[in-house]
Amino acid sequence: MDIAAVLRELEALGDPSSAAGMARFGITPAHTFGVRLPALRALARRLGRDHELALALWEQDNREARILASMVAVPDRVTEAQMEAWAAAFDYWEICDQVVMNLFRRTRFAVTKAHAWSERDETFVKRAGFVLMAQLAAGRGRADEATLRAFLPVIAREARDDREMVKKAVNWALRQIGKRTLALHRAAIATAEAILAEGTAAGRWIARDALRELRSEAVRARLNERAGS
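Quick look at the structure, then. (Residues numbered from 1 in each chain as written. Predicted model: local features only at pLDDT ≥ 70, side-chain atom pairs only at ≥ 80, totals over all residues. Heavy atoms only, no water.)

1. Brief notes about the packing of aromatic side chains
Argument step 1. Scanning all chains against the criterion turns up four aromatic pairs.
Argument step 2. The interplanar angle of 50 degrees and the centroid separation of 5.8 Å between the aromatic rings of Phe-104 and Trp-117 together place this pair among those described as tilted. Remark: Trp-117 occurs in helix α8 (residues 110-118) and Phe-104 occurs in the loop between α7 (93-102) and α8; sequence separation between them is 13 residues. Of the two residues, Phe-104 and Trp-117, neither departs from the other in class, the shared state being buried.
Argument step 3. Here the guanidinium or amino end of Arg-66 rests over the ring plane of Trp-58, the centre of that ring lying 4.4 Å away.
Argument step 4. Its guanidinium or amino end placed over the ring of Trp-205, Lys-167 lies 5.2 Å from that ring's centre, counting from NZ or CZ. (Phe/Tyr/Trp six-rings, centres within 6.5 Å; stacked < 30°, edge-to-face > 60°. Helix = DSSP H or I, 4+ residues; strand = E, 2+ residues; numbered from the N terminus. Buried < 20%, exposed > 50% of the residue type's maximum accessible area, 1.4 Å probe, protein only. Lys NZ or Arg CZ within 6 Å of the ring centre and 35° of its normal.)

2. Describing unusual backbone geometry
Argument step 1. Backbone geometry at Asp-61 places phi at a positive 55 degrees, although glycine is not the residue there.
Argument step 2. Along the chain, Asp-61 falls in the loop between α4 (51-58) and α5 (63-72).

3. Structural notes on the side chain of Arg-175
Argument step 1. Inspection of the secondary structure assignment puts Arg-175 in helix α11 (residues 164-178).
Argument step 2. Residue classification places Arg-175 among the buried residues on the basis of a relative accessible area of 16%.
Argument step 3. Discounting chain neighbours no more than four positions away, the residues touching Arg-175 are Asp-209, Ala-210, Glu-213 and Leu-214. (Contact = heavy atoms within 4.5 Å.)

4. Considering the pattern of salt bridges
Argument step 1. A complete count under the given rule lists 23 salt bridges for this structure.
Argument step 2. The residue Asp-209 makes a salt bridge to Arg-175 at a minimum N-O spacing of 3.7 Å. Of the two residues, Asp-209 is situated in helix α13 (residues 201-214) and Arg-175 in helix α11; the sequence distance between them amounts to 34 residues.
Argument step 3. With relative accessibility at 23%, the residue Asp-209 sits in the partly exposed group. (Salt bridge = Lys/Arg side-chain N within 4 Å of Asp/Glu carboxyl O.)

5. Quick word on the nonpolar core
Argument step 1. In this structure, Leu-68, Phe-90, Phe-104, Ile-155 and Leu-174 are the most contacted members of the largest nonpolar core, which totals 72 residues.
Argument step 2. Non-local contacts of Leu-68, meaning those with residues more than four positions away in its chain, are made with Val-6, Leu-10, Leu-40, Leu-43, Ala-44, Leu-47 and Leu-57. (Core = buried A, V, L, I, M, F, W, Y, C linked by side-chain atoms within 4.5 Å.)

6. Things to note about helix α10 (residues 145-158)
Argument step 1. Relative to the 20 Å expected for 14 residues at 1.5 Å per residue, α10 spans 21 Å between its end C-alpha atoms, a close match to the ideal helical length.
Argument step 2. Taken as a whole, α10 has its buried residues at Leu-148, Phe-151, Leu-152, Val-154, Ile-155 and Glu-158.
Argument step 3. Of the surrounding elements, those touching the buried residues of α10 are α8, α9 (123-138), α11 and α12 (182-198). (Expected span 1.5 Å × (residues − 1).)

7. Observations regarding the layout of surface pockets
Argument step 1. The space that makes up the largest pocket amounts to roughly 190 Å³.
Argument step 2. Residue lining of the largest pocket: Arg-41, Arg-49, Met-71, Gln-98, Met-101, Asn-102, Arg-105, Arg-106 and Gln-135, and that is the complete set.
Argument step 3. For the lining of the largest pocket, the element with the most residues is α7, which contributes three residues.
Argument step 4. Looking at the lining of the largest pocket, its residues break down into two nonpolar, three polar and four charged. (1 Å grid on protein atoms, 1.4 Å probe; cavity = no way out; pocket = protein on both sides within 12 Å on 5 of 7 lines; lining within 4 Å. Points joined across faces, edges and corners; volume = space filled by probe spheres on them. Nonpolar A, V, L, I, M, F, W, Y, C, P; charged D, E, K, R; others polar.)

Here's what the structure looks like:
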């Protein structure tokens with residue numbers, strides 16, 4: 001299917017009322033047809049992996065086209081330059097999270113970018129760094145324990161950032177790392193306690209929320225069961 005045909009299908013799948021509702025959840029693209037994510041995933045499965053199509057879709061500056069691009073791109077063909085260019089265009093949380101979850105976490109640059117982007121000032125580039133950490137802890141093709149442990153000092157360092165879209169991603173990464181293994185659970189709790197002791201407003205929220213989940217019986221039971229299997 002060529003780019004024109006894909007765009008026609010996306011428009012046909014659109015729902016203007018859905019587009020209006022998205023704004024209430026902070027999904028604020030400049031251009032959207034209002035297609036729901038399950039429909040985009042179904043279309044991506046039909047299209048299969050097609051890197052040239054993905055690059056063409058990204059150039060459309062449209063919510064659905066860009067999310068679909070992240071679903072059909074070929075991870076092994078993604079370059080660092082492509083990741084930087086796409087990340088620079090992130091301007092709301094959904095496109096950031098979808099591109100990271102669908103594509104960036106699968107690339108050979110995922111760990112490098114998680115560290116590098118955590119130091120960036122741009123809100124959604126920085127968020128992408130921590131969403132990468134969360135996905136490397138919990139998603140398919142997960143990173144090893146040493147890689148995840150190395151993210152914890154980064155999380156502690158950046159827990160002072162009080163921007164909503166950043167602190168939620170920092171918290172997400174901390175919780176996901178802490179739910180990976182018993183050893184990482186202990187390390188994540190220690191990191192959260194250190195963040196809490198530092199006393200910043202953002203840090204208190206990040207740490208308290210993470211500790212609430214990590215200290216829950218449900219998380220402890222899952223980790224003990226995993227360790228015993």
